[in-house]
Each structure stands twice: as structure tokens, then as C-alpha cells.
Amino acid sequence: MKKKYKKSLANKIPKNKSKVQTKIQVESKNKKFLLIAILLLTIMVYFPTFTSDFTNWDDGGYITENQLIHNLSFENVKTIFTEYFISNYHPLTLLSLSLDFQIAGQNPFVFHFVNVLLHLINIVLVFWMIFLILEIIGLSNKTEIALITAALFAVHTLHVESVSWISERKDLLYSMFFLASIIQYLKFVKSKKNKNYIFSLLFFILSLLSKGMAVSLALSLIAIDLVLKRKILSKKVLLEKIPYFILSLIFGIVALHAQQTGDAIADGSVFKFYERILFACYGFCQYHFKLLMPVNLSAIYPYPIKIGGAIPAKFYFFLIIFIALSVGLILTIKRSHFGRFGILFFLANIIFVMQIIPVGSAMFADRYTYIPSIGYFFLVGFFFHQINQKYRNFRKFGIAIISLYILILSVLTFNRTKVWENSMTLWDDVLSKHTEAPIAWINRGNAKYKIKKYQSAIKDYNQALAHKPDQAQAYLNRATARKETGDLIGAVKDYNKSLKLKPNQEKAYYNRGGAFLDLAKFSQALEDYNKAIELKPDYAQAYSNRANVYLNLQNLEAAMSDYDNAILLKPDYSEAYANRGIAFTIEGNDNAAISDFSKTIELNPKDGTAYFLRGMSKIKIGKKDDACKDYYKAQSLGFAEASREIQKYCK
């Protein structure tokens, strides 16, 4: 009898086990297939990004004009890790951009490709994080909820700013390490293995080194502990959190100090404290509205202009909406365990960017929702699961609704990526919604200046000053445009106004020095270049232009010294080589001049002037045939004076 029982049991177990294994394999296969489908959809949605250019919103400072990333030397890496950059401390982000630059130089494709790739990695990490949370809890349909969360995260239009804007690499990079840290923490909670805890802390540090916003991870872990029903006030759990909070405090202080040293924290006297509270309430409501339906998005949501010393009445109205919304969130937190997690995760990650301490020129920003939005996307997946459990017939209808919503988001996101095609498309979009934003007028003016539409650029700078007359940057940029139109006197007046508003602008002194140089006011030009170098000792362009002043003053020794300094500071500075070549020509050292003109041509093969000047130096040392080759090349590049030399020496 005993033997028969054993045989019967032996027959049953493999069959059941086989069915379970088959079910797991099918679910695993479906999970991989659907996740791959989400990733492919994301690539399609962000496809226009691959052909986008750099924009003039920080991309110049971070990439195209940033000597720190152009050369990955020991000194540059040391500077990246020991100094603030554009009012931030994010060394890993700069290293990431530097690696891209080593591969692609000034080609934006690679930068955009890496941004999209990081977003794809983050989608997988979001899926993994939600899946692990639900697995630890033991909730059924964990794959479905994780997939819905990941899909919404993948294609939501609010994330375009983080993905399509190259300078927001910091958002994507910190998020990758942030999510990896949470995943390792979840593995630690599940397995109790110390190695996972250590990995979690290491990923947290990497996240903090990518962007200061990562300090919110410590609060996020509390939200996770709550959903996992851990005893958050127990000695064990509290001790676990101490390193996270210490790191958050340290890097939080560093981030604040970086913002203060770079003047990124807005002047608190512009708006009263209660007005900033109203703005925070307004921004909080806008985040919720735009998470639900992301329309009328903008790269800038400017602070309002006070009329008669008062802010617009709509901000008081939004205070009422904020209170109603808060009541709804509190009720959800009380009634739903999973609702509590989604809302608290959102709040933990949005609270530091609510602009109570005003940073920058905008009340809120699309990019700030990148990590916080995960909390609400999780809620969509969870409530779908909950309704599906109660109403079995709802499933097909629910899937259709979510699929339609994802399709709508995908279309909106695809169209939104086109806004980031270049500087003109970006600022045209902002100004179509916010004509009161001075920064948009200034940046569009800069875009027009770059394509040599100087008069049109001046009109945009005028608009910026009409909306905010105390804009030092607008005066500075208008002065530079006026200088290009030949209005040197008007340019000097604008430089003076800019420096009166903001005295320590090395660029304003440098540019005004150029205007004085063109006006042959050499002593005033020299004073301005001296001041520019005093404010920025590594200002290569200022050394090169001061050398030009010394040449005009016939101080050849001082000029040579300054050209040498300019080239030492910026080894790829073609203009400095060309100018030093001219100085060598004046000195009578034609071989040295030829060497410098050759270096200029190596750095800028389309410089017709350099070919012409090298030809002149070659004539002097008797290399007529070589000189003629240079003259013909200069002529082909549009340097008209080469024709005269060709007639003289090459016929």
C-alpha cells in the first residue's frame, strides 16, 4: 500500500510541475516580447531626435564650446571632479559627454543616440524595479503592472525634454544609477545579502555624481519600505537608511553651494515668499494636468510679469485647485496601500524642484517629472489590475483604453521631438506660447545671429528688453549684433549698459575691447582685454585679441607672448596660430610664419586667408611653385586678393 502511494504521488508531481514550468516559460516569453515591443516603439517615437542638431540652450556650454570635454586629459578630468560647472556639480555627466566627443567630435548624432540609449536602459530598469517590488509583496499580475508602468514611462511626452535635449544627459544618467540603486536595495531586502546593499550605495554615489537631484533617493526608499510593509521605525531599517541620508545631505549642500556660486538661484526679492508658495502650488497642479494629458508643453514656463506690483489672479485660483488636489491625494494615501506608494514616490522626487527656493527663470519644467512620474504610471498599472480583478469583463476594454492612451502619447511625443530639431524650432515653439519670456527672445536672437541675420537678431533682443529692461545679457548680445552691422558706437553703448547692470562680465569686456580695437581706440581696448583676463585667467581669445592690440602698438614682444599664451590655453585655436603667423611675418621669420599658417590650415582647411598668407611667406623664401598652389587654393575658397598675386607670380 505504501509503495502504491509513493508511485501515485510520483506520477502526479511531474505533471503538475510540467504545467507550472510551461506557464512560467510562456509568461517569461511574453514578458520579454512585450518589453522588446515597448523598446522598439520608443525608438520609433524618438526617431526624429537622431537627426536633430545641437541647440543654443546650454549645448554650447556643455559640449561645442566646452574645452574640458574636448580633451580627456588628466588635468581636465581633475577639474571636472574638483570644480563646479555651470552652477552644478555633475562630473560623471561631463565624463559621459567627453566620451561622446572623443568618438564624434561636433557631430550631434552620437550625443542624441546615447541619450536615447540611456532612456531605453531606464525603461528596462523601471520595469525591473516595479516587477521586484510586486514580486516581494507577492502580488499577482506583477508582469502586467510593470509593463504598463514601463510603457507609459517610455513614451510619455513630458520626457522629451530629458531625452531630446543633449544637455539633459545628466537627467538620464542620474536616473539610470538611481533606478539601479533601488533595484539593488530591493534585492537586498529580498535576499538579505550585504553585497546588494553595498552595490545599492555605490550606484547611489554614481547617481549623485551625475546630478544633485539624486538626493531624493533616500526619501524614495522610505516610500518603498512602506509598500513592502517594512517596519520603517525599527532599529534595523533606520540603520540601513543612515548612509543614504548622510550622502543626500552632503551632496545636497554641494548642489546648493554650486547653484549659489553660479548665480543660478534667482533673486528672492523679486517675488515675496507667499508668492513663491503660490507658484509652487501652480506648478504642482500643472505637473498633474500634464502627466494626464501632456499638451501645450514648453521648454520654458516663465514667471509672470507683475502688473501694478501684483501677480495675476489665476495663481490664487490654482491655490484652491491645489488644496482640492491635495485632499484627493491624502484620501488615496489613506485608502489604498499601493496608492500610498505611487503618490509618495512622486512626492519624494518632486519636492526638491517645487521652486520654493527659486532656481533659474522658470516656475516648473517638463524634465523634472522624469523620475517622479514613475509613481503615477505605477498607479495606472495597479488600478488596471485592481479593476480587472473585480470585473472580469473589463479586461479587453481596459487594454483597449490603455493602448489608445499609449498611442496618443506616442503621437504627441513623436511631434514634440521635432520641436528640439534646432535652436530656431525650439525658441519659435516657446514664443508661440510665452511671448513674455525674455530668455526665449534672447536665445532666438542668438540663433539668428549665428546664421548672420543680425538685424533680425537685434529685433529679438529689443523684444527681450521691452519685457525686462534690466537684462544684462540682452544688452550684451544686442551690442555684439550691432558690432557686426558696423554700428560700433551703438555697440559700445550697449556694452556699457550691460556692464552697468552686471559689472563682472568677462565676455562683455572682451567684446567691448573688440569694438574699441575696430575703432582704433587701442588704450581702451587694452584696458578691456586686461580686465577680461583678470576675471578669467584662462581666456584664450582675450590673450589673442590683446596680442592684436600690442601689434597695433608695435609691441611685438608682448604680442608674441600673448599669442603663445592663447595657444597654450587652447591648442586647437586656429585664429591664434594665424595671428601669430602674421606676427612672425612682421618679425621676418618666414619659416615660423609658414609653420603657423600650416597649422591654421590643418585646424581649418577652408580658411582662404591662411592659404593666401602662407603663399606670401613662401614667395619671400623663394618657393614660388608652392606659393602659387596656395594662391590658387585661396582663390577657390573665395579670397579675392589671391587673383592679384596669381597674375603677378603664377602666369
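Residues numbered from 1 in each chain as written. Predicted model: local features only at pLDDT ≥ 70, side-chain atom pairs only at ≥ 80, totals over all residues. Heavy atoms only, no water.

> Help me understand the state of the cysteines, please; the structure alone is not making it clear to me.
Disulfide: a covalent bond connecting the sulfur atoms of a pair of cysteines. Taken as a whole and judged by the stated rule, the model has one disulfide. Here cysteine 628 engages in a disulfide with cysteine 650; their sulfurs sit 2.0 Å apart. Looking along the S-S bond of the cysteine 628-cysteine 650 disulfide, the torsion reads about -100 degrees, which is the left-handed sense. Taken together, the positions of cysteine 628 in helix α30 (residues 624-636) and cysteine 650 in the segment after α31 (642-649) put the pair 22 residues apart, joining distant regions of the chain. No disulfide involves cysteine 281; its sulfur sits 6.9 Å from that of cysteine 285, the nearest cysteine. The buried category is assigned to cysteine 281, whose relative accessible area is 6%. You can call cysteine 285 buried: its relative accessible area is 0%. (Disulfide = S-S within 2.5 Å. Helix = DSSP H or I, 4+ residues; strand = E, 2+ residues; numbered from the N terminus. Buried < 20%, exposed > 50% of the residue type's maximum accessible area, 1.4 Å probe, protein only.)

> Explain unusual backbone geometry here, please?
When glycine is set aside, most residues are seen to have a negative phi, and most peptide bonds are trans. In the Ramachandran plot, aspartate 58 falls in the positive-phi region, its phi being about 75 degrees despite a non-glycine side chain. As for its position among the elements, aspartate 58 is in the loop between α1 (2-45) and α2 (59-64). Since its relative accessible area comes to 29%, aspartate 58 is described here as partly exposed. Even without being a glycine, lysine 452 presents a positive backbone phi close to 65 degrees. Since its relative accessible area comes to 62%, lysine 452 is described here as exposed.

> So what exactly am I meant to see when it comes to helix α5 (residues 91-104) here?
Working note: α-helix, 3.6 residues per turn, so residues spaced by three or four point in the same direction. Across its 14 residues, α5 extends 20 Å between first and last C-alpha, which sits within 8% of the 20 Å expected from 1.5 Å per residue. For α5, the buried fraction is high: 10 of the 14 residues fall into the buried class. Turning to α5, its buried residues are Pro91, Leu92, Thr93, Leu94, Leu95, Ser96, Leu97, Ser98, Asp100 and Phe101. Considering only its buried residues, α5 is in contact with α2, α3 (67-70), α4 (74-82), α6 (108-137), α9 (169-191) and α10 (194-208). (Expected span 1.5 Å × (residues − 1). Contact = heavy atoms within 4.5 Å.)

> I would appreciate a short explanation of the packing of helix α28 (residues 590-603) against helix α29 (residues 608-620) in the present structure.
At their nearest, the axes of α28 and α29 sit 9 Å apart, and the two run at 155 degrees to each other. What the angle tells us is that α28 and α29 run roughly antiparallel. For the pair α28 and α29, the sense of crossing is left-handed. Contacts from Asp590, Ala593, Ile594, Phe597, Ser598, Thr600 and Ile601 of α28 reach α29 at Ala610, Tyr611, Leu613, Arg614, Ser617, Lys618 and Lys620. Of the residues belonging to the contact of α28 with α29, the class tally is seven nonpolar, three polar and four charged. (Axes fitted to C-alpha atoms, helices over the stretch in contact; angles between N-to-C directions. Parallel < 35°, antiparallel > 145°, perpendicular 65-115°, else oblique. Left-handed = near helix turned anticlockwise from the far one by under 90°. Nonpolar A, V, L, I, M, F, W, Y, C, P; charged D, E, K, R; others polar.)

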